[in-house]
Amino acid sequence: MKRRDFLRTAGAAGIFVSFPVFGQEPEKIPAKLPGYPADFNAYLRIGPDGRVGCFVGKVEMGQGNMTSLAQLAAEELDVPVDRVDMTMGDTDLCPWDIGTFGSLSIWQFGPVLRAAAAEARAVLVQLASERLGEPAERLHVEDGVVSVAGYPSRKATYGQLVEGRKIERHVQGAPVKPASAFKVVGKDAKRLDGLRKVTGAAKYAADFALPGMLHACVLRPPAHGAKLASADTSAAERLPGVRVIRDGDLVAVLHAHPDLAREALALVKARYLPSPSTLDDANIYDHLSKAAPAPKGVGAKGSLEAGEAAATRKLEAVYRHAYGAHAAIEPHAAVAKWEGGRLTVWASTQAPFIVKSQVAQALGLAARDVHIAAPFVGGGFGGKTEGPQAVEAARLARAAGCPVQVAWDRREEFFLDTFRPAAVVTVRSGLDKAGRIPFWDHLVVGAGDGESPTFYDIPHQRIRAAGSWYGGNPAGLHPFAVGAWRAPASNTNVFARESHMDALAALAKADPVEFRLRHIKDPRIAAALKAAAEAFGWKTAPAPSGRGFGVACAIHRNTVVAAMAEVAVDRKTGAVTVRRVTVAQDMGVVVNPTGARQQVEGCVTMGLGYALHEEVRFRNGEVLDVNLDTYHVPRFSDVPPVETVLIPNPRLVAQGGGEPAIIVMGALIANAVHDATGVRLRQLPMTPERVRKALG
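Report follows, based on the coordinates. Here the structure is a predicted model, which means the values were calculated and not measured.

Calculation notes
- In every chain, residue numbers begin from 1 and rise along the written sequence.
- With the structure being a predicted model, the display of local features is reserved for residues of pLDDT at least 70 and the display and counting of side-chain atom pairs for 80 or more, all residues being used for whole-chain, interface and lining totals.
- Neither water nor hydrogens contribute to the side-chain values; these are computed over all heavy atoms in the structure.
- In short, DSSP must find at least two bridges between two strands for them to pair.
- For the purposes of this entry, the term helix denotes a DSSP run of H or I that reaches at least four residues, the term strand denotes a run of E that reaches at least two, and both are numbered from the N terminus.
- Lines fitted to the C-alpha atoms define the axes, with helices restricted to the stretch that makes contact. Angles between their N-to-C directions range from 0 to 180 degrees.
- Residues are treated as being in contact if the distance between any of their heavy atoms lies within 4.5 Å.
- Note on exposure labels: buried denotes an accessible area under 20% of the residue type's maximum, exposed denotes more than 50%, and partly exposed covers the range between, all computed with a 1.4 Å probe on protein chains only.

A short note on the sheet that holds strand β2 (residues 52-56)
Judged by pairing direction, the sheet is mixed, and its 3 strands sit side by side in the order β1-β2-β3 without closing on themselves. At either end of the open sheet lies a strand with only one pairing partner, and these are β1 (44-46) and β3 (84-88). Averaged over all adjacent pairs, the angle separating strand axes in this sheet is 20 degrees, with direction ignored. Looking at chain direction, β2 and β3 are connected through 5 bridges and run parallel. Paired with V52 across the bridge in β3 is V84.

In structure tokens:
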């Protein structure tokens, strides 16, 4: 993919490249993006033994792209998947990549890798043609062996053709395979990282222990906005083996053992000037509405005035969504080592090339002097696009003159995380005499415009957004750093839209599935709704029916998803129990069906968290939730049976699957709660306290 094509694709997908200043709003740098290399040797190397080395700038953080990308390369090269050795996220070895987010690995980078592998195969067939003295049309390729059709003994392996050397030859316009010719893509594949992860052999950033390495514990303020006035480190310095590093605003204690470093940090007597913030998780919504910038138009259609005039009944509602933490299993970690004036950082990051730029910029280094290696990552969800821990480790290693590890504990993870922004969404709409929606007016404040436009067939629309997760906000709009959170802004906007659609269906006394189909022209989303209804066993009935059934649907990056759920509500405690979830998804060609189902199940699981429990509580700059005892991420006991229906669509190239199913979960559960109780919850998460209060 050429740079211009990439920028066009990224822009269409709402991707913004940013090089943030830590703790502040990201600053967008829209230009000077590298592009993907045109030379397939950047991605592929054929070894003498015929094994294929595949080099990609993406990282494996649990989503399974290591396996899916290997399948794509294997398919085009005609080799078995287990003969592909993946190297990921190493800035010295892999071609540039913007990062692993936005479901980009398959739908955006996949075609780049396929094209490289297709060209490599074409060159290998050319080489075999010359070696065997037969025209390319008479050659057959299977399992990395090129043979003459009908004469299997006349053959040459990829390894024999290349002999471990770089392939200098190129072929222009080598076609990729049509879906009808796929042998590897579309088949269930075992995870290439599976064995290492279940045996504990997989290495994460904090697993790297270098000779002479010190563990660093960094002094943190008690609240966002608090300023360090003084720090007495004398008691810590008296402990044997402790080193104290002061590097500008960075104060850290270092020791060869992490537990002793923590003990030393506890002896530092620091005094801070209090945070000027007066915001908390209750008054934040009024603040957002008052402090938001003027809204920007996202989309418009028809005449809002004409639509309102056609409405015989109107419905306006405000939807709220709290700040959310990523709460990944693996906290941020990095190990930095200087050698010969060059810096290597092993970092938990989903964007090693962005972190490379950040480290180089922060330390005043040339990019060629910084090497970022991204081992396995234990979950990112947008929270590891930036690399503040990598910068800290690099600064401390330079100051200490030895390798240094920085591994955030859970308290640091909650304090320094970039949160999913809180938001307020106002939707105005109505019904005409025929029970159709004549107008739709959607204003989102705080979150961003992701998936705010509606795909429903509504003649008069206005979609606006004020403030966002990716920067450009007025100072102080959010009391701490905000950023991408799995499908940024989409969870919030789809919660509002699909909740409001359900409310309009109830106003029309119509079945919510039938009401949606009444307003859908897109055959893919209609097919997904029908597929979900059939698998779920949906029976037509207006809500509230008392069954506890909910429905929601969405389109995300051209992947279509429709979901249904059944819940039970305890009216005494307000607790919501999700009994089952069915998801129908059309994501075009499915590279690895098992992997796709795992992604859907992960989306459902994580979606239950933001729908029912996950909320960052804070007061005057202090984050009150500092561990997983009060920040309730879903437990295994919370996860219901999940049925996934992958809708066949070989005419559409593979789309992303890491985000679509999560964006419906808030509305899905809210609609099911309404169907069970007749009460509509318009604020996420729907905690037992909020449900009990709504039930009266």
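Now, onward.
Points about the sheet that holds strand β27 (residues 683-684)
Pairing is mixed in the open sheet, where 6 strands are placed in the order β12-β20-β19-β18-β13-β27. Looking along the sheet, the strands with just one partner apiece sit at the ends: β12 (296-301) and β27. Inspection of the sheet shows strand β13 (residues 313-321) paired to β27 by 2 bridges, in the parallel sense. When the bridges of β27 are listed, H321 appears paired with L684. The strands touched by helix α9 (residues 284-291) are β13, β18 (423-431), β19 (439-445) and β27; relative to β18, the strand with the most contacts, the crossing angle is about 75 degrees.

Quick notes on the pairing of strand β7 (residues 214-218)
The buried fraction of β7 amounts to 5 of the 5 residues, a majority that puts the element mostly inside the structure. Side chains of β7 alternate between two faces, with L214, A216 and V218 and H215 and C217 buried alike. Judged from the 3 bridges that link them, β7 and strand β17 (residues 404-407) form a sheet pairing that is parallel. If you follow H215 over to β17, its bridge partner there is Q405. With 4 bridges joining them, β7 and strand β10 (residues 250-255) adopt antiparallel strand pairing. Bridge pairing links C217 to V253 in β10.

Remember, this is a structural readout, not a statement about activity or role.
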